[in-house]
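# Structural characterization, general
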Amino acid sequence: MIAITGTPGTGKTAVAGVLRRRGYAIESLAELAVRMGASMKGKDEAVIDTAAMSKKLHGRRGRLIVEGHLSHWLGPDLCIVLRCSPKRLRQRLAAREYSKAKVQANVEAEAIDAILVESLENCDDVREIDTTSRKAVNVADCVEEIISDGGEGYLPGSVDWSKEVLAWF
């Protein structure tokens, strides 16, 4: 199993669409959760039982690529974390008309590497791609490179927002 994860707004869905058009079997975590009966209505959005999904998915045969900002909780064999500059991420999320609080929470999560850290805690093989100035087709090329040859150029720690974050103060 391969997870394509990242903070909302980093390009997961767009990249998954490109990969799907290239012939990869890609599952949306949200859609998969509904089909598996592992999604419940929450206060503002769906709540996904990733532990139940992980149990159901393990032992499944064939390559499965799951896209979603919680997919790193499924215990994938490979986890690809999409990253985006907090400044650019703020613009992307504002364009989606997220609330100010939701934009701020997601920008802060990206700034402190929240999903990368969670991925490193839950997965043995993690890579990260900076999507800030790349088009979805270019990011999909990076994903294919990682899948085909390990993507040593995308090791965790290659993306660093500390200078941008320090400029906030």
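Residues numbered from 1 in each chain as written. Predicted model: local features only at pLDDT ≥ 70, side-chain atom pairs only at ≥ 80, totals over all residues. Heavy atoms only, no water.

All right, on to the sheet that holds strand β7 (residues 126-130) then. Strand order in this open sheet of 5 strands is β2-β5-β1-β6-β7, and the pairing throughout is parallel. In this open sheet, the two edge strands, each paired with only one partner strand, are β2 (26-28) and β7. The average undirected angle you get between the axes of adjacent strands in this sheet is 25 degrees. Bridging between strand β6 (residues 78-83) and β7 involves 5 bridges; their strand directions are parallel. Residue pairing for β7: Cys79 is matched across the bridge by Val126. Those strands touched by helix α6 (residues 114-122) are β1 (2-6), β6 and β7, and its axis lies near 170 degrees from that of β6. (Pairing = 2+ DSSP bridges. Helix = DSSP H or I, 4+ residues; strand = E, 2+ residues; numbered from the N terminus. Axes fitted to C-alpha atoms, helices over the stretch in contact; angles between N-to-C directions. Contact = heavy atoms within 4.5 Å.)

Attention now moves to the nonpolar core. Ranked by size, the top nonpolar core spans 19 residues in total, and within it Val15, Leu19, Ile80, Leu82, Ile129 and Val143 carry the most contacts. Of all the elements in the fold, those that place two or more residues in this core are β1, α1 (12-21), β6 and α7 (136-149). Ranked by residues supplied to this core, first place goes to α7 with 6 residues. For Leu19, the residues in contact, after removing those within four places along its chain, are Ile4, Tyr24, Ile26, Ala140, Val143 and Glu144. Among the nonpolar cores identified, the runner-up in size contains 12 residues, and Ala33, Met53, Leu57 and Leu74 belong to it. (Core = buried A, V, L, I, M, F, W, Y, C linked by side-chain atoms within 4.5 Å. Buried < 20%, exposed > 50% of the residue type's maximum accessible area, 1.4 Å probe, protein only.)

With that out of the way, let us pick up a nonpolar patch on the surface. A cluster of nonpolar residues, Leu166, Trp168 and Phe169, forms a patch on the protein surface that exposes about 430 Å² of accessible area. Turning to its location among the elements, Trp168 is positioned in the segment after α8 (162-166). (Patch = residues over 30% accessible without salt bridge, like charges linked within 9 Å, V, L, I, M, F, W, Y side chains within 5 Å. Areas by Shrake-Rupley, 256 points an atom, 1.4 Å probe, with all protein chains shown as cover. Salt bridge = Lys/Arg side-chain N within 4 Å of Asp/Glu carboxyl O.)

Looking now at the packing of aromatic side chains. Under the counting rule described, the total for this entry stands at 0 aromatic pairs. In this structure, Lys102 is placed above the aromatic ring of Tyr98, and the distance from its NZ or CZ to the ring centre is 4.5 Å. (Phe/Tyr/Trp six-rings, centres within 6.5 Å; stacked < 30°, edge-to-face > 60°. Lys NZ or Arg CZ within 6 Å of the ring centre and 35° of its normal.)

If you trace the backbone, Leu32 turns up in helix α2 (residues 29-35). Considering only alpha carbons, one finds Leu32 and Met53, 21 residues apart in sequence, at a separation of 8.7 Å. Those residues in contact with Leu32, other than ones at most four positions away along the chain, are Glu27, Met53, Leu57 and Val66.

Our next topic: α7. For α7, with 14 residues, the first-to-last C-alpha span of 20 Å sits near the 20 Å given by 1.5 Å per residue. What α7 keeps buried is the set Val139, Ala140, Cys142, Val143, Ile146 and Ile147. For α7, the angular spread of the buried residues around the axis is 155 degrees, confining them to a single face. Among the exposed residues of α7, those oriented more than 90 degrees off its buried face are Ser148 and Asp149. Directly beyond the C-terminal end of α7, a positive phi value near 90 degrees is found at Gly150. (Expected span 1.5 Å × (residues − 1). Arc of directions from axis to C-beta.)

The interhelical angle for the contact between helix α4 (residues 86-95) and helix α5 (residues 100-111), taken along N-to-C directions, is 155 degrees, at an axis separation of 9 Å. Overall, the two elements α4 and α5 adopt an arrangement that is roughly antiparallel. Our pair here, α4 against α5, has a crossing hand that is right-handed. Where α4 approaches α5, its residues Pro86, Leu89, Arg90, Leu93 and Ala94 are matched on the opposing element by Val103, Gln104, Asn106, Val107, Glu110 and Ala111. Taken together, the residues that form the contact of α4 with α5 break down as 7 nonpolar, 2 polar and 2 charged. (Parallel < 35°, antiparallel > 145°, perpendicular 65-115°, else oblique. Left-handed = near helix turned anticlockwise from the far one by under 90°. Nonpolar A, V, L, I, M, F, W, Y, C, P; charged D, E, K, R; others polar.)

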